[in-house]
Every structure is written in structure tokens, then in C-alpha cells.
Amino acid sequence: MVHQATTSAPVNIACIKYWGKRDTKLILPTNSSLSVTLDQDHLRSTTTSRADPEFTKDRLWLNGNEEEIKPGSRTHTCIAELKALRKTTVEDKNSSAPKLSTYHVHISSYNNFPTAAGLASSASGFAALVSSLAALYELPVSPKDLSIIARQGSGSACRSLFGGYVAWEEGSASDGSDSYAVQVATESHWPGIHALICVVNDAKKGTSSTSGMQRTVETSALLQHRIKEVVPKRMADISKAIQEKDFDTFARITMADSNQFHAVALDTTPPIFYMNDVSRGVIAVIEEYNRAAGKIKAAYTFDAGPNAVIYAPEENLKEIIQLIVKFFPQQAEFKDPFALFGGKLEGRVPEG
Ligand code: DP6
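Since the model is a prediction, treat every value here as computed from it, not as a measurement.

Here we take up the site of the ligand. Close to the ligand lie 18 residues, the nearest being Tyr 18, Lys 21, Ser 154, Ser 156 and Thr 210. For the ligand, an oxygen atom lies 2.7 Å from a polar atom in the side chain of Lys 21. In the environment of the ligand, an oxygen atom lies 2.8 Å from a nitrogen or oxygen atom belonging to the side chain of Arg 74. About the coverage of the ligand: the protein hides 94% of its 460 Å² of free accessible area. Per-element accounting of the shell around the ligand gives the leading share, three residues, to helix H4 (residues 209–219). Classifying every residue of the shell around the ligand by side-chain character gives seven nonpolar, six polar and five charged.

Of all hydrophobic cores here, the largest spans 56 residues; its most connected members are Leu 34, Tyr 165, Ile 242, Phe 250, Ile 310, Tyr 311 and Ile 320. With residues near it in sequence (within four places) discarded, Phe 250 still touches Cys 15, Val 36, Tyr 165, Trp 190, Ile 238, Ala 241, Ile 242 and Tyr 311.

The next thing to look at is the sheet that holds strand S2 (residues 12–16). The four strands lie next to each other as S2-S5-S10-S11, forming an open sheet whose pairing is antiparallel. Looking at the sheet topology across the chains shown, the edges are occupied by S2 and strand S11 (181–185). Strand-to-strand, the axes of this sheet are offset by a mean angle of 35°, without reference to chain direction. On top of the sheet, helix H6 (residues 247–266) reaches S2, strand S5 (33–37) and strand S10 (164–168); it is set at about 95° to S2, its chief contact.

Residues spaced three or four apart along an α-helix face the same direction, because each turn holds 3.6 residues. Taking 1.5 Å per residue as the helical rise, helix H7 (residues 277–293) with its 17 residues ought to reach 24 Å, and the 24 Å between its terminal C-alpha atoms agrees with that figure. For H7, the set of buried residues is Val 278, Ser 279, Gly 281, Val 282, Ile 283, Val 285, Ile 286, Tyr 289 and Asn 290. Buried residues along H7 sit against H6, strand S13 (299–302), strand S14 (308–313) and helix H8 (317–327). One side-chain oxygen of the residue at the start of H7 lies 3.0 Å from the amide nitrogen of Val 278, identifying that residue as Asn 276.

Of the two faces of S13, the one lined by Ala 299 and Thr 301 and the one lined by Tyr 300 and Phe 302 are each fully buried. Here S13 hands over to S14 after five residues, the two strands then running antiparallel side by side.

With that settled, consider the packing of helix H2 (residues 122–136) against helix H3 (residues 143–151). Running from N to C, H2 and H3 cross one another at 130°; their axes reach a closest spacing of 9 Å. When the interaxial angle is binned, H2 and H3 end up oblique. Two packed elements cross with a definite hand, and for H2 against H3 that hand is right-handed. Contact residues: Phe 126, Ala 127, Val 130 and Ala 134 in H2; Leu 146, Ile 149 and Ala 150 in H3. Here the residues of the contact of H2 with H3 are counted per class, giving seven nonpolar, no polar and no charged.

The next thing to look at is helix H5 (residues 221–243). Compared with an ideal rise of 1.5 Å per residue, which puts 23 residues at 33 Å, H5 spans 33 Å between its outermost C-alpha atoms and is within 8% of the ideal. Every buried residue of H5 is listed here: Leu 223, Arg 226, Ile 227, Val 230, Val 231, Arg 234, Met 235, Ile 238, Ser 239, Ala 241 and Ile 242. Next to the buried residues of H5 lie S2, S5, S10, S11, H4 and H6. One side-chain oxygen at the N-terminal end of H5 lies 3.3 Å from the backbone nitrogen of Leu 222; it belongs to Ser 220. Phi turns positive, to about 50°, at Lys 245, one or two residues after H5.

Conventions and cut-offs
- Residues numbered from 1 in each chain as written.
- Predicted model: local features only at pLDDT ≥ 70, side-chain atom pairs only at ≥ 80, totals over all residues.
- Heavy atoms only, no water.
- Near = heavy atom within 4 Å.
- Polar contact = N/O pair within 3.5 Å; in protein donor to acceptor, adjacent residues only side chain to side chain.
- Areas by Shrake-Rupley, 256 points an atom, 1.4 Å probe, with all protein chains shown as cover.
- Helix = DSSP H or I, 4+ residues; strand = E, 2+ residues; numbered from the N terminus.
- Nonpolar A, V, L, I, M, F, W, Y, C, P; charged D, E, K, R; others polar.
- Core = buried A, V, L, I, M, F, W, Y, C linked by side-chain atoms within 4.5 Å.
- Buried < 20%, exposed > 50% of the residue type's maximum accessible area, 1.4 Å probe, protein only.
- Contact = heavy atoms within 4.5 Å.
- Pairing = 2+ DSSP bridges.
- Axes fitted to C-alpha atoms, helices over the stretch in contact; angles between N-to-C directions.
- Expected span 1.5 Å × (residues − 1).
- Parallel < 35°, antiparallel > 145°, perpendicular 65-115°, else oblique.
- Left-handed = near helix turned anticlockwise from the far one by under 90°.

Below, the structure is given as C-alpha cells:
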């Protein structure tokens, strides 16, 4: 009998940024965050897990290359948690269930987007890993429970277990039991919003999110203001804007939060620069586009790197792509404004 399961999970892009941990082992954040999960057809990780009594150790392949699973590593923690759940929720309750928790697993994960695209793959990667093991083990657990485990792989991964608009509630329990993702609205609630991903630079980032955010926690005074005074109100306001399909408020908060995240990165000692001149150029173009229209038609956001994500209602997409192409003359793939897949364009904006 073959014990194998395959699942996939999409990338998510935060509107309210997670940046800082209060517990680095359990991955408990210093503030709540909120993101949009991209749809399954576009950027996603697909993971197959297999348990077999013949396997001699747990092994993991990412895009075909084997990665070591070090004891105590995040991957190790996620696998151990899921094996323990298999034992307590399935095997201890049903003596005829195969003892999969005692078998080693082989896990193989692929991203359907270039790993070198500079887009975060840890969120979709850990969400897919956790959901494929949960399917393999036939765990009777909720996506909320799985998000608690995925969170220990990579914080932002907990949000990729849900589609649509997703909040990660920071929680207050020291064991992390109340720090998980919840769906604020389904994808069908507000379907007309698109994410345009502009690849400015596909190099691996200089300062990883993990080390960068801890340096910010240790050194930035501005982060304390952000955590206490800014994020709680923004979480409430953006959730309301999503419920009410209020793009103006959604976009204003998204842009302000991206800018504040990059401000706390700059307020870190030594300072961290994730955006470059092209990133700032994209900000200027979108700000001017909104100003000239007399209303907010698009919102930019940047994670821990220079690549831009532009959120916009479908009816504005063509105009925005034409603007980006005009100001950032491109390689052929980006020159064609119809080089869209399913309404989402992945283009490349050259540096300089
Ligand atoms: C800027 O989830 O990659 O994308 O928990 O250390 O794995 P770790 O960090 P990670 O950080 C993501 C930071 C961000 C903002 C966000 O996605 O909320």
C-alpha cells in the first residue's frame, strides 16, 4: 500500500506587514498582519509527501534539489508536530490505522514560479508542506490548527492556508496556541482585485526576513510605535474596508503600511534597504497616477526586496500596465501588455 499525498498552496502578499518576533523559536509575531492569498492558478508550491517503512530517514527536495533536514530546524519542527498529531488523533484512537507516525517521510516540493524571481517562496512552501503531510496522515484537524504548525515553519506561511483575505492574529499566549490565521473574507467576496507582480530584481535578497526583522526588534524605536499605536487600528480599518469592498481605504492603508515597514527597516541599526531606485520609481508612478485621477486607482506594496506588487481593480489593470511599460522600458516579455496570465502580469522591470 502506497501512503502518499499531494497538495498545493499559493503565495500571499501582505497589506499589513509582519515584521518582528516576540518568540523566535515558536515564531510568535510582535504584531498582527493581513494579506491577500493569490489564486491557486498562479504562484504556488506543490508538495508530495510519502511515508514508507522502508525509508531510512526523513528527506526533503526543493525544486529537485535535496535539502538537509537539520535537527531543531523549522522543517524538522513541522514534521515532528504533524507526526505527533497523527499518533494522538488517528493511531491512538484506531488500532487498525497504519502506524505512519513511525515511518520516515520523503517530501518533494516544487514552485511553479522561478525560484530566482525574488518572490518569497517560504510562505507557500511551508503551507504546502504542512497541508500535504496533514493529507497523508488524514489528520482530523482544521486549517486553523494547521496554520499554527505552518507558522513554526515561516511566520507568513500560516496565512497561505486560507484563500482570499487573511489575517494572522498575533495572540498573547506564550505557547502560541492563539497565534494563527483567520479568513477575513473569501476570494469570491471581492473577486475583482488583482495583484500585478513586477520583478525588479530577481537576485536573492541581501538581508533575509528572519535576520532583518530581529535586528529591527532589537534596535528600532519606531517599531515600538508601529506595534502599539499603528498596526491595531490599521488591522481593524483594513478588515472593515475589505468587508465593505472599499478600495480607497484598502489601498491607502496598504501603501502606508508598506512605507512604514520600509521606514522601520531604515530605522534599524545598521539600516536595512530593501527597495531600490526602481522600486521608488514605481511608487512615484502610482502616486502620480492616483493624484492625476483624483482618486485611488492602484496600491503598491513591497516586501523584503525591491519587487513591486500592485493591487488594483480589474478595470484599471490595462492602464497601469501601460504606465509601467512606458516608464520602465522593458524586455519583450513585459512590453506586451497582454502578456498576462489570467489577468495577472509577471513582468520584469530593469534596474537603473
Ligand atoms: C516582509 O515569514 O519570511 O514578507 O517568519 O522569519 O520565516 P520568518 O519570516 P517571513 O517574513 C515575511 C515578512 C514580509 C511581510 C509579510 O509577509 O507579512
